[in-house]
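If you want the building blocks of each chain, they are given just below.
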Number of protein chains: 2
Amino acid sequence: VTDVTAQTSDYTSNLLARRAGGAPAAWNNMGAKPRKMISFTYGLPDEPSFPSKELAEITNQVMSEQAAPILQYGYPRPLAEYLAGFIKKDQGLDITADNILITAGSGQAISLFCRLTLEPGDYVVVEAPTFLGAVKTFQNQDAQIAEAPMDDEGLIIEELDALLTQLKAEGKRVKFIYTIPTFQNPTGRTLGLERRKALIELAHRHEVFILEDDAYHGLLYQGEVPSWLWTLDPYGIVFHCGTLSKTLAPGMRLGWIGCARPELLVVINSLNDGGPTSSYSGYVAAKFAEQGLLAKHTRQLIDIYRRKRDRMLAGLERYMPDGSKWTEPQGGFFIWLELPEQVDTVKILGKAQEAGVNYLPGSACYASGKGRNCIRLAFSLVKLEEIEPGLRTLGEVISQALEG
Amino acid sequence: VTDVTAQTSDYTSNLLARRAGGAPAAWNNMGAKPRKMISFTYGLPDEPSFPSKELAEITNQVMSEQAAPILQYGYPRPLAEYLAGFIKKDQGLDITADNILITAGSGQAISLFCRLTLEPGDYVVVEAPTFLGAVKTFQNQDAQIAEAPMDDEGLIIEELDALLTQLKAEGKRVKFIYTIPTFQNPTGRTLGLERRKALIELAHRHEVFILEDDAYHGLLYQGEVPSWLWTLDPYGIVFHCGTLSKTLAPGMRLGWIGCARPELLVVINSLNDGGPTSSYSGYVAAKFAEQGLLAKHTRQLIDIYRRKRDRMLAGLERYMPDGSKWTEPQGGFFIWLELPEQVDTVKILGKAQEAGVNYLPGSACYASGKGRNCIRLAFSLVKLEEIEPGLRTLGEVISQALEG
């Protein structure tokens, strides 16, 4: 047999120097096992609740009903039709399946939107902090990043206006604002209705698009949330992406992008030389949703995640030192913890891991590396009974850092 | 409800001007139905043979055994492990699962390889004719295309040498040669062993990589085929992509790229901000293959496609006018038909369709638009009993064109 590991050439080595980075850590994981500890690190969904039995049954059903269109090259249009109907009901938007393009997760939706809009040197304005997986996608497309500040209610519109004005004065071309207005990653914050309206007016005035990421849609544990930016948009400048990764299963790789003009989705689709999503999972998910199982499953998830969130809030109250503050999200997967300025959450991460608890340092959520006294706490994957001991340990590590 | 079709703005219209084109026609099909006729157009697999029942059973099995890793964010490593074992046996290559990266079809593999290697203005050398879906991917990455001529045995090595030398002299940087050496799309030709060895030496001398696409692997109906370029490569310059779209089902969206150096696959994977493939289909396919069902199914497909190929060859012999010639592929999906010079297959396509038969004009397989007297005939999707009447009709349309 040929030993391929002996095969090298000088110019193959050059390839290794090409841009590293890229997708979120969870995607780069090609089978490696994480260390055993209580982890608040990743925004992965709760595992015991995956509807595996129902998915197997539905697969059996669609395979016996209409296997050929599902297994052939194609597009899972029934899922787009389900989503259009759902959105019509949920948001009052008068759309059809042509206003929706199904993608391989919302990650692919974001990537394709970039291919549609971005030219080298273009700026993307993001919330500070934000979801860094999206930022890496923007950077992979040679975009520059500008950060817009937030307060407890999300994006500060006046500051965003000043930023856009300043960038324009500097001759910099902003193509779009990337926002997660509801249960934001990483802060859990939700942008209020008045700010949403103001954001759309502002974007239109500056002639920039809005990419609205609503990854946690439906996972509402308390109160109400305003309509989508897409729903409120009278100008057709909002592109909206969603996913089934949080309410069904990430392994299905199903997301979507929607907008007012179907012909733009045709262009976006034609740019997808990475290939379309799996019809195998697309048709299964469509049938799962059509039969009411997605709505039922989402209600079960709300119960699970609400309990985890409440356990988190109680634990933070009990174990975090004076001078700490944290968000109280209405939904989603994340709580944002701000510690006293002198705590460096990058520095103490190793100690936390040694003590058996893991988290994402806040600076991993800023393109600029700010937020070193902050932590993103994901409560979605962690087991309910591990939350209290995990936060106790974290509190001890932080207290030691404050004393030391 | 809001009528989104009324939502437009001047600067959204500009987006429509952005590069159209992109993916192959079958991928762009967002649910539209083709006209009813006998079609030799698309290289889609035979539909009645899809193993839908077995896939449903296997899905049930993997869902009951280990649902969480399949439904969570992740990577279908068992499929990479199966493929590594298969390749070790089939090709004698001493590789592991780390030499394989599973992708969403080989289309994504090709796209990611481009992201690894291509910088704007780089040249890619392709066979003339070739698979235009790949060419569109190269062009989407701002590559220039150069065509290398073929004869009945595939790429002509001396001509390729001259082309590479000329491009270098003109200061043009060729990054890789894209080749489908076995049952080529669109010609069905297979490159012989000596030319394979010479191709590798030539590429190494010119310091260009080879992207070997073996989409039809295993679908051998007659004789034997040489080892892969990857297998014959002592320099580590061959990247090999494969797919389960022809031997299992395109709707599963499963392909792969392999190379000598695992660390390059880690870089390629990190460039995949379009998102990974579906674990849901990946784990199912792995189990399907591990249980021997893929090998068994491939044997059934060989019988089906061999009969279709033989029916094609008999029909061409009977119905094509004097001065025509065609390839006799050992395997794969395609026959390449060359008609007398004066026949314009683009011009007569409309007449053929009116008469009830469809095909891909040869010029759709050249980046340069050559081959107007040629036709690609796919015999994979067409029903066995439609082949003879389809070719009879095609022969009539061509004869009329020759007379007219």
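Residues numbered from 1 in each chain as written. Chains lettered and ligands numbered in written order. Predicted model: local features only at pLDDT ≥ 70, side-chain atom pairs only at ≥ 80, totals over all residues. Heavy atoms only, no water.

**Q** Sorry if this is basic, but what is going on with the overall build of chain A here?
**A** Each helix and strand counted, chain A has 14 helices and 16 strands in total. In summary, chain A has a C-alpha radius of gyration of 22 Å against a globular reference of 22 Å for 404 residues, a match within 12%. Seen along its three principal axes, the alpha-carbon backbone of chain A occupies a region of about 65 × 60 × 55 Å. Within chain A, buried positions represent 63% of all 404 residues. About 15,000 Å² of surface is accessible on chain A, with carbon and sulfur atoms providing 48% of the total. When the 40 basic and 48 acidic side-chain charges of chain A are each reduced to a single mean position, those positions are 3 Å apart. (Helix = DSSP H or I, 4+ residues; strand = E, 2+ residues; numbered from the N terminus. Rg over C-alpha atoms; globule rule 2.2 N^0.38 Å. Buried < 20%, exposed > 50% of the residue type's maximum accessible area, 1.4 Å probe, protein only. Areas by Shrake-Rupley, 256 points an atom, 1.4 Å probe, with all protein chains shown as cover. Lys, Arg positive; Asp, Glu negative; His and termini not counted. Charge placed at Lys NZ, Arg CZ, Asp CG, Glu CD.)

**Q** How do you make sense of the packing of helix H5 (residues 105-117) of chain A against helix H6 (residues 132-140) of chain A when you look at a structure like this?
**A** How two helices sit against one another is set out by the angle between their axes and by the gap between those axes. Residues and elements named next belong to chain A. The contact between H5 and H6 brings their axes to 10 Å, and the two run at 30 degrees. Overall, the two elements H5 and H6 adopt an arrangement that is roughly parallel. Note on packing geometry: the crossing formed by H5 with H6 is right-handed. Facing Ile110, Ser111 and Cys114 of H5, the residues of H6 in contact are Ala134, Thr137 and Phe138. (Axes fitted to C-alpha atoms, helices over the stretch in contact; angles between N-to-C directions. Parallel < 35°, antiparallel > 145°, perpendicular 65-115°, else oblique. Left-handed = near helix turned anticlockwise from the far one by under 90°. Contact = heavy atoms within 4.5 Å.)

**Q** Please explain the sheet that holds strand E12 (residues 325-326) of chain B as it appears in this structure.
**A** Hydrogen bonds between backbone atoms are what pair the strands of a sheet, whose relative direction is either parallel or antiparallel. Residue and element names in this part refer to chain B. In space, the four strands of this open sheet follow the order E12-E13-E16-E15, with antiparallel pairing throughout. Edge positions in the sheet fall to E12 and strand E15 (360-361), since each has one partner strand and no second. Here strand E13 (residues 334-338) pairs with strand E16 (residues 374-378) via five bridges, running antiparallel. Residue pairing across strands places Glu338 opposite Cys374, the latter belonging to E16. (Pairing = 2+ DSSP bridges.)

**Q** What should I look at first to understand the pattern of salt bridges in this one?
**A** Where charged atoms of side chains with opposite charge meet at close range, the side chains can pair. All names here are of chain A. Under the criterion given, the structure shown has 44 salt bridges over all chains. With a shortest N-O distance of 3.0 Å, Glu263 and Arg261 are connected by a salt bridge. A relative accessible area of 10% places Arg261 in the buried class. If you follow the salt bridges from partner to partner, you end up with Glu119, Asp122, Arg173 and Lys175 in one network. (Salt bridge = Lys/Arg side-chain N within 4 Å of Asp/Glu carboxyl O.)

**Q** How do you make sense of the packing of helix H12 (residues 293-319) of chain B against helix H14 (residues 384-403) of chain B when you look at a structure like this?
**A** Residue and element names in this part refer to chain B. Close contact between H12 and H14 brings their axes to 9 Å; oriented N to C, the two are set at 25 degrees. The angle between H12 and H14 places the two elements in the roughly parallel class. Every pair of crossing elements has a handedness; the one defined by H12 and H14 is right-handed. Contacts between H12 and H14 pair Arg307, Lys308, Arg311, Met312, Gly315, Leu316, Arg318 and Tyr319 from the former with Leu384, Glu385, Ile387, Glu388, Leu391, Arg392 and Gly395 from the latter. Of the residues assigned to the contact of H12 with H14, the class counts are six nonpolar, two polar and seven charged. (Nonpolar A, V, L, I, M, F, W, Y, C, P; charged D, E, K, R; others polar.)

**Q** How should I be thinking about the side chain of Arg115 of chain A in this particular structure?
**A** Topologically, Arg115 of chain A is positioned in helix H5. A polar atom in the side chain of Arg115 of chain A sits 3.3 Å from the backbone oxygen of Asn140 of chain B. (Polar contact = N/O pair within 3.5 Å; in protein donor to acceptor, adjacent residues only side chain to side chain.)

**Q** I'm lost on the packing of aromatic side chains in this one. Help?
**A** Geometry of an aromatic ring pair is reported as the spacing of the ring centres plus the angle between the planes. Throughout the structure, instances matching the rule amount to 29 aromatic pairs over all chains. Plain terms: the ring middles of Phe113 of chain B and Phe239 of chain B are 4.8 Å apart, the flat faces sit at 50 degrees to each other, and that makes the pair tilted. Here Phe113 of chain B, found in helix H5 (residues 105-117), pairs with Phe239 of chain B, found in strand E10 (residues 238-243); they are 126 residues apart in sequence, far enough to count as distant. Taken together, the aromatic side chains of Phe113, Phe138, Phe176, Tyr178, Phe209 and Phe239 of chain A make up a single cluster linked through ring pairs. (Phe/Tyr/Trp six-rings, centres within 6.5 Å; stacked < 30°, edge-to-face > 60°.)

**Q** What am I meant to see in the pairing of strand E8 (residues 174-179) of chain A here?
**A** Regular strands have side chains that alternate between both faces of the sheet. Residues and elements named next belong to chain A. Within E8, six of the six residues are buried, which leaves the element mostly enclosed by the surrounding structure. Relative to E8, strand E5 (residues 123-128) runs parallel, the two sharing four bridges. Across the sheet, Tyr123 pairs through a bridge with Val174, a residue of E8. Sheet topology places E8 next to strand E9 (residues 209-213); four bridges connect them, and they run parallel. The residue of E9 that forms the bridge with Phe176 is Phe209. Following the backbone out of E8, through helix H8 (residues 193-206) and into the adjacent parallel E9, one traces a crossover that is right-handed. (Right-handed = clockwise from strand over helix to strand, strands pointing away.)

**Q** Which parts of the structure should I look at to understand the side chain of Arg195 of chain A?
**A** Residue and element names in this part refer to chain A. Here Arg195 shows up in helix H8. By relative accessible area, which is 18% here, Arg195 ends up buried. In contact with Arg195, other than residues within four places in its own chain, are Asp151, Glu153, Gly154, Leu155, Ile156 and Ile157.

**Q** What is the right way to read the environment of Gln222 of chain B from this model?
**A** All names here are of chain B. If you trace the backbone, Gln222 turns up in the loop between strand E9 (209-213) and helix H9 (229-232). Note: C-alpha distance between Gln222 and Pro78 (144 residues apart in sequence) is 31 Å. Not counting the four nearest positions on each side in its chain, Gln222 is found in contact with Arg309 and Gln330. Looking at Gln222, its side chain comes within polar contact range of the side chain of Arg309, at 2.8 Å.

**Q** Quick question: what am I supposed to make of the sheet that holds strand E10 (residues 238-243) of chain A here?
**A** Residue and element names in this part refer to chain A. Within the open sheet, the eight strands sit side by side as E4-E11-E10-E9-E8-E5-E6-E7. Their pairing is mixed. At either margin of the open sheet sits one strand with a lone partner, and together these are strand E4 (100-103) and strand E7 (154-155). As paired strands, E4 and strand E11 (residues 255-258) are joined by four bridges and run antiparallel to one another. Opposite Ile100, over in E11, you have Gly258 as the bridge partner. Packing of H8 onto the sheet brings it into contact with strand E6 (144-151), E7, E8 and E9, and relative to E9 it is tilted by some 145 degrees. Sheet contacts for helix H10 (residues 262-270): E4, E10 and E11; angle to E4, the most-contacted strand, approximately 20 degrees.

**Q** Whenever I open this one, the environment of Thr165 of chain B confuses me. Can you help?
**A** Along the chain, Thr165 of chain B falls in helix H7 (residues 157-169). Residues Thr165 of chain B and His206 of chain B, spaced 41 residues apart in sequence, show a C-alpha to C-alpha distance of 8.0 Å.

**Q** Would you take a moment to explain the state of the cysteines for this structure?
**A** Each disulfide is one covalent bond, formed between the sulfur atoms of two cysteines. All names here are of chain A. Under the criterion given, the structure shown has zero disulfides over all chains. Of all cysteine sulfurs, the one in Cys374 lies closest to Cys365, which takes part in no disulfide; the gap is 9.0 Å. Take Cys365: its relative accessible area is 2%, and that puts it in the buried class. (Disulfide = S-S within 2.5 Å.)

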